[in-house]
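Okay, here's what each chain looks like letter by letter:
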Amino acid sequence: HEQLVESGGGLVQAGGSLRLSCVASGIALTLYDMSWYRQAPGNERELVASITTSGTANYGGSAEGRFTISRDTGNNAHYLQMNMLKPEDTAVYYCHAQRYLLGHKIEYWGQGTQVTVSS
């Protein structure tokens, strides 16, 4: 069975922190580039952060230096540490993994975890 399971979302006051976790089953994350996306009501899904198999991290503008993506291949998981949260960070956050095999993209999505930041 191949799946990504997310956890760590919740309700937090502005300025607080959350750590999102995405644990993979049946997916060897050493082979995959990993990302976090988010989608707020009425908005399109946007990229928050990504990290490649080589460890190169990239962040969307909304991260503004407040978020850190990391990977723990020993536990077959990746994380998003979110600090100094703002109400506009409120969204459903999704983890994502992808790789290319013979030019064909293989990808998986988590089910999403709700993050709500109160003002």
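This text follows the structure it describes.
Residues numbered from 1 in each chain as written. Predicted model: local features only at pLDDT ≥ 70, side-chain atom pairs only at ≥ 80, totals over all residues. Heavy atoms only, no water.

## Side note on unusual backbone geometry
Rules: A 1.4 Å probe rolled over the protein chains alone gives each residue an accessible area, and that area as a share of the maximum for its type sets the label: buried under 20%, exposed over 50%, partly exposed in between.
The phi dihedral of methionine 84 is positive, around 50°, even though this residue is not glycine. On the accessibility criterion, methionine 84 (53% relative accessible area) is exposed.

## Some words on the sheet that holds strand β8 (residues 77–82)
In plain terms, the rule: Criterion used throughout: strands pair if DSSP finds at least two bridges between them. To qualify as a helix, a DSSP run of H or I must reach at least 4 residues; to qualify as a strand, a run of E must reach at least 2; elements of each kind are numbered from the N terminus. An axis is simply a line fitted to the C-alpha atoms; with a helix, the fit covers only the stretch in contact. Between two such axes, the angle follows the N-to-C directions and lies from 0 to 180 degrees.
Pairing in this open sheet of four strands is antiparallel, and the strands run β1-β3-β8-β7 from one edge to the other. Here the strands that pair on one side only, and so sit at the sheet edges, are β1 (3–7) and β7 (67–72). Neighbour-to-neighbour, the strand axes of the sheet open up by a mean angle of 15°, direction not taken into account.

## Observations concerning the state of the cysteines
Condition: The term disulfide is used for any two cysteine sulfur atoms that are within 2.5 Å.
Inspection of the entire model under this criterion finds one disulfide. Linked covalently through their sulfurs, cysteine 22 and cysteine 95 form a disulfide whose S-S length is 2.1 Å. The S-S bond linking cysteine 22 to cysteine 95 shows a torsion near 55°; that makes this disulfide right-handed. On the criterion of sequence distance, the pair formed by cysteine 22 in strand β3 (residues 18–25) and cysteine 95 in strand β9 (residues 91–101) is long-range, its members being 73 residues apart. For cysteine 22, a relative accessible area of 0% puts it in the buried group. On the basis of relative accessibility, which here comes to 0%, the residue cysteine 95 falls in the buried class.

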